[in-house]
Amino acid sequence: MTHNIMLKNYFKIALRGFRKHKLFTFINVIGLSIGISASLVIYLIVHYDLSFNKFDDQASIYRVVTQYSFSGELGYNSGVCTPLTKAIKTDISGIQQSAPFYSCWETRVKVAHPDGHELKLAKETGILIADADYFNMFKYNWLVGSAKSSLNSPYQVVLTETQAKKYFPGLSYQDMIGREVIYEDSVKTNVSGVVADMKGNTDFIFHDFISAKTGEVNSLFKTYFQPTQWGSTNSASQLFIKLDKNTSAASVVKQLNILRSKRAPSDKSDKANFTRFDVQRLDDIHFNQHYYSFDGARTANKSTLYGLLVIAAFLLLLGCINFINLTTAQASQRAKEIGIRKTMGSKRGQLIIQFMSETFLVTLLAVIISVALTPLILKLFRTFIPEGVKIDLLQPAMLLFLVGLTLVVSLLSGFYPALVLSNYKPVQVLKSQAASTSGSTRKTLLRKSLTVTQFVIAQFFIMATVLVSKQIYYALHKDLGFKKDAIVNVYTPYKVSDQNKRQVFLNKVRSMPQVRLVAMGNDAPSSGGTNSTTVKYKDGKKEVETDLQQKFGDENYIKVYGIKLLAGRNLTPADTGKATLINATYAKTLGFKNPVNAVGIMLDYNGKKREVVGVMADFYQKSLHSPIKPLALIEPMFYNNRTLHIALKPQTAGGKEWKTAITSMEQTWKELYPDDEFSYAFFDENIAKFYESEQQTSTLLSWATGLSILISCLGLLGLAMYTTGLRTKEIGVRKVLGATVTQIVTLLSTELIWLIALAFILVTPIAYYAMHKWMENFADRTSISWWIFALSGIGMLLIALFTLSFQTIKAAIANPVRSLRSE
């Protein structure tokens, strides 16, 4: 009972103190709310990403992947060669289970509903060709059917419950059995089972499972499989394995590569050129940027998550620093209260509890505000935050985090001020000597140190934001070696039978008045995809074997993109299968300093000869993260001739010519491809997408910078109010003796300038090192200019002086008679 009364009194005193010092309480609550809000949102993001792919026995499940190197250039592929999927069951020991499957990319689907309506889906992802082994490794709850019976015959398909309802709304799962689902207009399958959706967060977002035997007998799907090609790797052909308890991943990798060397003895292998197998942990799939995940699945970045945690810690630290600074600065105002309470018998421990309870209340209020703001923050940052992130206060993990955060922040913010305040000696306090105690200097030094820390963090964010913005601007405005404006890419369906339609579509687009030029081919000059092959060149003395990237385009390709010819001539329709253009980098790799000398040489494409008829100027095949690599441009065949590269004429001021052209293209498309979705993209927008991660980082840093400056300035304003309050009599005396407003403001601001200068000196080398490490991710990058640091220091100084001026000017222009009379 006594303890309850004491706690009640503690909270009463705390609330009384808050009412007395409203502004300081407001600053503390706002500072902590910002830090706690950032921590809460970042916790939700990090917890969401770390919760992916949590299967039973996940520690023993791995994905077999492929690594390769050509001339020292490393490459990664999440798939394996098809023959391995069968050989692994007989030739590799220590494997408990294996589960191969093939993922189909953007598949057309047709479903006849019982009411006669036909559902048509043009680009459906999440479709697998698999067998019972998949369901034996990854456990699903079967609603109808079973792993044993539902995938053991050709033309069977198993659906997840959500997909089944999408295909057959209104039917029971049992009634769906035997219903027809048609893929790619010709593969007619029957539903043989329905499984429950996979629970929890996962990258395994598949929903249509076509039996592997369908792939073995169907002529369309057969083209996906190359059962004897050990040298052909496709990222869609995936293989998962589950190891025995006493088997190490390293021993399996060793066996896999011994098997490969036996089955593919013709592959050369040395330090610079090799192809080898490796294994990837199941919990690494969601984060590893090297390996393709699955269609529609998002790959997170652990470096980004760690960066978010650092930002959260910094913002939380800033809020705590504000609290410590303002609380210790107010210490003298509570000195008599402490002295009287100690004289009346209060022990130091009781005083510490009192001050900690005050901190706890402020922190609790800040947490409540943060929880209320979090849904708004998630909505504000919806383009940056993963779609599945949400706050759920009923989750035990969330409640535990909020309780832990409240306690940690209360301790960080309140423990030191509680020790300082409770340490006052009652005799000295009641004699009004608190301000002259030896601890005063220590408290002042601590406040200065914490203030410098705040400015170090704020200036670091400013420097980082400016540099990231500078690099993004550099990447988007650099001459990449090709024209990127006013070019539209239109992607036609992949069908041999569509070749004639493609030509009709091409001719109609060419005739449009808004179109300047049209080329046919595959990827644009700079794209996310990579197509490469090993090419040999013999100069009479030695043989040069190189991994050569390939682009496919007709005679208009380099004209549409404005790619320069350094030597030789352009491709012509007669060059199909016979000739190629190469870039300057490849010419240098072959030993030709002058591009003219490379024209006319013969290249060996796996036994097929091609003549180099021209040398192109270099251009970036990917983002600035990657260097320019050896490349060839080849006349396309039907299978790599899917994309129209359309150069539009310039628009008039305020004109709608481009919009009219796109509308006309879509109308023509619907006439030729009624069952397929019209898909196009402006090339410059695709280039900008290369730097989405950097743009998100820039946005994040901008917010972090703004919030850190806001928190620092709030604390600075509070300290300024306190400092000018203490020096009221001094300011009055100086004004009576003739001091000007400028002199008074300078007097009150000098200390601040020195603290900012010290923070600038401390943060500059730290920021330079961090920036340099980040810039190493780019093969071509902007410089780390001196003005970035100067701008940060001067900017922080001006912002701080502006904040301080509200209080210093007010104190400097006050009537000295009033201040001296009140003193």
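All residue numbers refer to position in the chain's written sequence, counted from 1. Given that the model is predicted, a residue must reach a pLDDT of at least 70 before its local features are reported, and side-chain atom pairs must reach 80 or more before they are shown or counted; all residues, however, enter totals for whole chains, interfaces and linings. Heavy atoms throughout the structure, all of them, feed into the side-chain values; hydrogens and water do not.

1. Observations regarding the overall build of the protein
Numbering of helices and strands runs from the N terminus, with a helix taken as a DSSP run of H or I at least four residues long and a strand as a DSSP run of E at least two residues long. Looking only at helices and strands, the protein has 26 helices and 24 strands in total. Residue-level accessible areas treat just the shown protein chains as cover; the underlying method is Shrake-Rupley with a 1.4 Å probe. Of the roughly 39,600 Å² of accessible surface on the protein, a fraction of 58% belongs to carbon and sulfur atoms.

2. Considerations on the packing of aromatic side chains
Pairing of aromatic rings covers Phe, Tyr and Trp, the last counted by its six-membered ring, and requires centre-to-centre distances within 6.5 Å; plane angles under 30 degrees mean stacked, over 60 mean edge-to-face, and any other angle means tilted. In total, this model carries 36 aromatic pairs according to the counting rule given. Here the aromatic rings of Y134 and F206 are separated by 6.5 Å at their centres, their planes lie at 70 degrees, and the arrangement is edge-to-face. On the criterion of sequence distance, the pair formed by Y134 in helix 4 (residues 132-137) and F206 in the loop between strand 10 (187-195) and strand 11 (208-211) is long-range, its members being 72 residues apart. Within the aromatic cluster, the residues linked to one another by ring pairs are F101, Y134, F135, F138, Y140, W142, F204, F206, F209 and F240. Geometrically, a charge over a ring is one whose NZ (Lys) or CZ (Arg) sits within 6 Å of the ring centre while staying within 35 degrees of the ring normal. For the cation-ring pair, R260 lies above F277, with the distance from its terminal atom to the ring centre recorded as 5.6 Å.

3. Quick look at the sheet that holds strand 14 (residues 487-491)
Sheet architecture is open: 4 strands sit in the order 15-23-14-24, paired in antiparallel fashion. Strands at the two margins of the open sheet, each flanked by one partner only, are strand 15 (515-521) and strand 24 (680-682). Each strand axis lies, on average, 20 degrees off the axis of its neighbour in the sheet, ignoring direction. A pair of strands is considered paired only if DSSP assigns at least 2 bridges between the two. Across 6 bridges, the pairing between strand 15 and strand 23 (residues 643-648) is antiparallel. Across the sheet, V515 pairs through a bridge with L648, a residue of strand 23. For this analysis, residues touch if any pair of their heavy atoms sits within 4.5 Å. For helices, the fitted line uses only the C-alpha atoms of the stretch in contact; every axis is such a line through C-alpha atoms, and the angle between N-to-C directions lies from 0 to 180 degrees. Along the sheet, helix 17 (residues 499-510) contacts strand 14, strand 15 and strand 23; its crossing angle with strand 15, the most-contacted strand, is approximately 160 degrees.

4. Quick notes on the packing of helix 23 (residues 728-736) against helix 24 (residues 741-775)
For the pair helix 23 and helix 24, the least separation of the axes is 10 Å and the interaxial angle reads 145 degrees. The handedness of the crossing between helix 23 and helix 24 comes out as right-handed. Residue-level inspection shows E730, I731, R734 and K735 of helix 23 in contact with helix 24, the latter providing I744, L747 and L748. Three classes are used: nonpolar for Ala, Val, Leu, Ile, Met, Phe, Trp, Tyr, Cys and Pro, charged for Asp, Glu, Lys and Arg, and polar for all others, with Gly counted as polar. For the contact of helix 23 with helix 24, a count of residues per class yields 4 nonpolar, no polar and 3 charged. Working rule for handedness: look at the near helix, and if it is turned counterclockwise from the far one by less than a right angle, call the crossing left-handed; if clockwise, right-handed.

5. Looking at unusual backbone geometry
Although it is not a glycine, D185 adopts a positive phi angle of roughly 70 degrees. Relative to the elements of secondary structure, D185 occurs in the loop between strand 9 (180-183) and strand 10.

6. Considering the nonpolar core
Buried Ala, Val, Leu, Ile, Met, Phe, Trp, Tyr and Cys residues form a nonpolar core when they are joined through side-chain atoms within 4.5 Å. Burial here depends on accessible area, computed with a 1.4 Å probe over protein chains only, as a share of the maximum for the residue type. Under 20% is buried, over 50% is exposed, and the range in between is partly exposed. Core analysis: the largest hydrophobic core is formed by 48 residues, its most contacted members being L32, I36 and I385. Put simply, the parts of the chain that give this core at least two residues each are helix 2 (22-50), helix 11 (302-329), helix 13 (348-380), helix 14 (396-422), helix 16 (439-477) and helix 22 (692-726). Looking at this core, the element that brings in the most residues is helix 2, giving 13 residues. Excluding residues within four positions of it along the chain, L32 makes contact with G319, C320, F323, V362, T363, A366, V409 and S413. Judged by nonpolar contacts, the second largest core, of 26 residues, contains V560, Y561, A579 and Y620.

7. Topic: the environment of V144
Within the secondary structure, V144 sits in strand 7 (residues 142-144). Owing to a relative accessible area of 10%, V144 belongs among the buried residues under this scheme. Remark: the alpha-carbon pair of V144 and Q174, spanning 30 residues in sequence, is separated by 6.5 Å. V144 has contacts with Y173, Q174, I177, G193 and V194, leaving out every residue within four places of it along the chain.

8. Points about the pairing of strand 22 (residues 631-634)
Burial along strand 22 is two-sided: L631 and L633 facing one way and A632 and I634 facing the other are all buried. In the sheet, strand 17 (residues 543-552) pairs with strand 22 via 4 bridges, with the strands oriented parallel. Paired with Q550 across the strands is A632, a residue of strand 22. Where strand 19 (residues 579-583) and strand 22 come together, 2 bridges link them in antiparallel fashion. Along strand 22, the bridge assignment pairs I582 with A632.

9. Considering the pattern of salt bridges
Salt bridges are identified by distance alone: a Lys or Arg side-chain nitrogen within 4 Å of an Asp or Glu carboxyl oxygen. Inspection of every chain in the model, using the stated rule, returns 15 salt bridges. Salt-bridge contacts for K448 lead to E751; the nearest nitrogen and oxygen are separated by 3.0 Å. Here E751 lies in helix 24 and K448 lies in helix 16, a separation of 303 residues in the sequence. E751 gets classed as partly exposed once you look at its relative accessible area, which sits at 42%. In this structure, the salt-bridge partner of D575 is R569, at a minimum N-O distance of 2.9 Å.

10. What to know about the side chain of T202
Within the fold, T202 resides in the loop between strand 10 and strand 11. Its relative accessible area of 12% is what places T202 among the buried residues. By the criterion applied in these results, polar contacts are pairs of N or O atoms within 3.5 Å in which, for protein atoms, one can donate a hydrogen and the other can accept it, and in which residues neighboring in sequence qualify only through two side-chain atoms. At 3.1 Å, the side chain of T202 and the side chain of N53 are in polar contact. If we skip the residues at most four places from it in the chain, T202 touches F52, N53 and F55.

11. Focus: the environment of V367
Here V367 lies in helix 13. According to the relative accessible area criterion, V367 is buried, its value standing at 7%. Residues V367 and V29, 338 residues apart in the sequence, show an inter-C-alpha distance of 9.2 Å. Once you skip the residues sitting within four places of it in the chain, V367 turns out to touch I36, L402 and T406.

12. Points about the confidence of the model for the protein
Chain-level pLDDT for the protein is 83 on average; 89% of the residues reach the 70-or-more range. Confidence, read as mean pLDDT per element, is least for helix 15 (residues 426-430) in the protein (58) and greatest for strand 8 (residues 156-160) (95). For every residue, the predictor assigns a confidence score, pLDDT, that lies between 0 and 100. The low-confidence segment residues 433-438 (pLDDT under 50) makes 7 contacts with residues lying over four places distant or belonging to another chain.

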